[in-house]
Amino acid sequence: VSSAEEMKKLHELEQAYFREQIDLLKKAGVTLVICQWGFDDEANYLLYRNELPAIRWVGGVELELIAIATGARIIPKFDQVSADKLGTCEVVRETGFGTTKDRMVLLEGCPNSKAVTVFVRAGNHMMIEEAKRSLHDAMCMVRNLIRDNRIIYGGGAAEIAAATAVTEAGDSVRGVEQYAVRAFADALEAIPTNLAINS
């Protein structure tokens, strides 16, 4: 570009290209554009003027998860846009949180989503890591219950239940044998007692 006329022609070509892309999006029935890379303010303005809200600078992993949740296909070129590649969701909204006015875009009511986002905040890094560890432990426990739903309660709960049952059964035993039954119940209680002492 060596003159103002050439610059003007280039700008007009760019405008025509953007308008063509927007027409392709509108014809396909697009109501929201999500882009992994950024686009300039001119493109953003044209999208806004044509009532096509856009989200830019979405990470690759997040884009793939959005595509799975909404039933969309990631489209690398504008000429590949078609209605069968579009996804759906009930609500797209932006929300703020915290005292720093950080912003987050939420997609809710996605047809293929079986996932939940857990947002962890804390006063320092150590507390965040502890909360993440606790969440991970809880999710692993649920996963294990799904794999095998037979439960052996932890923390000595099974032994306490057995000791209670043996003690109740010991009440019906007559004579010296009753002392042996109660001693067995006391022995069962030793496991949870030691767990409680050592915790």
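Structure report, in brief.

Conventions and cut-offs
- Residues numbered from 1 in each chain as written.
- Predicted model: local features only at pLDDT ≥ 70, side-chain atom pairs only at ≥ 80, totals over all residues.
- Heavy atoms only, no water.
- Core = buried A, V, L, I, M, F, W, Y, C linked by side-chain atoms within 4.5 Å.
- Buried < 20%, exposed > 50% of the residue type's maximum accessible area, 1.4 Å probe, protein only.
- Helix = DSSP H or I, 4+ residues; strand = E, 2+ residues; numbered from the N terminus.
- Contact = heavy atoms within 4.5 Å.
- Pairing = 2+ DSSP bridges.
- Expected span 1.5 Å × (residues − 1).
- Polar contact = N/O pair within 3.5 Å; in protein donor to acceptor, adjacent residues only side chain to side chain.
- Phe/Tyr/Trp six-rings, centres within 6.5 Å; stacked < 30°, edge-to-face > 60°.
- Lys NZ or Arg CZ within 6 Å of the ring centre and 35° of its normal.

Some words on the nonpolar core
(1) Moving on: Leu-25, Val-30, Leu-47 and Leu-52 are the most contacted members of the largest nonpolar core, which has 13 residues in total.
(2) Moving on: Broken down by secondary-structure element, the contributors of at least two residues to this core are α1 (4-28) and α2 (41-49).
(3) Moving on: Looking at this core, the element that brings in the most residues is α1, giving four residues.
(4) Moving on: Excluding residues that lie within four positions of it along the chain, Leu-52 makes contacts with Ile-22, Leu-25, Lys-26, Val-30, Thr-31, Leu-32 and Leu-47.

Quick look at the pairing of strand β4 (residues 102-108)
Each regular strand carries side chains that alternate between the two faces of the sheet.
(1) Moving on: Looking at chain direction, strand β3 (residues 91-97) and β4 are connected through seven bridges and run antiparallel. Across the sheet, residue Glu-94 finds its bridge partner in β4, namely Val-105.

Focus: helix α4 (residues 125-147)
Every α-helix winds through 3.6 residues per turn, so residues three or four apart in the chain are directed the same way.
(1) Moving on: Counted at 1.5 Å a residue, the expected span for α4 with its 23 residues is 33 Å, and the 33 Å between its end C-alpha atoms agrees.
(2) Moving on: At the N-terminal end of α4, a side-chain oxygen is found 3.3 Å from the backbone nitrogen of Met-126, two or three residues along, and the residue is Asn-124.

A short note on the packing of aromatic side chains
(1) Moving on: The final tally for this structure, using the stated rule, is one aromatic pair.
(2) Moving on: Taking 6.3 Å as the distance between ring centres and 40° as the angle between the ring planes, the aromatic pair formed by Tyr-17 and Phe-18 counts as tilted.
(3) Moving on: For Tyr-17, a relative accessible area of 47% gives the class partly exposed.
(4) Moving on: The ring of Phe-39 carries the charged tip of Arg-56 above its face, separated from the ring centre by 5.5 Å.

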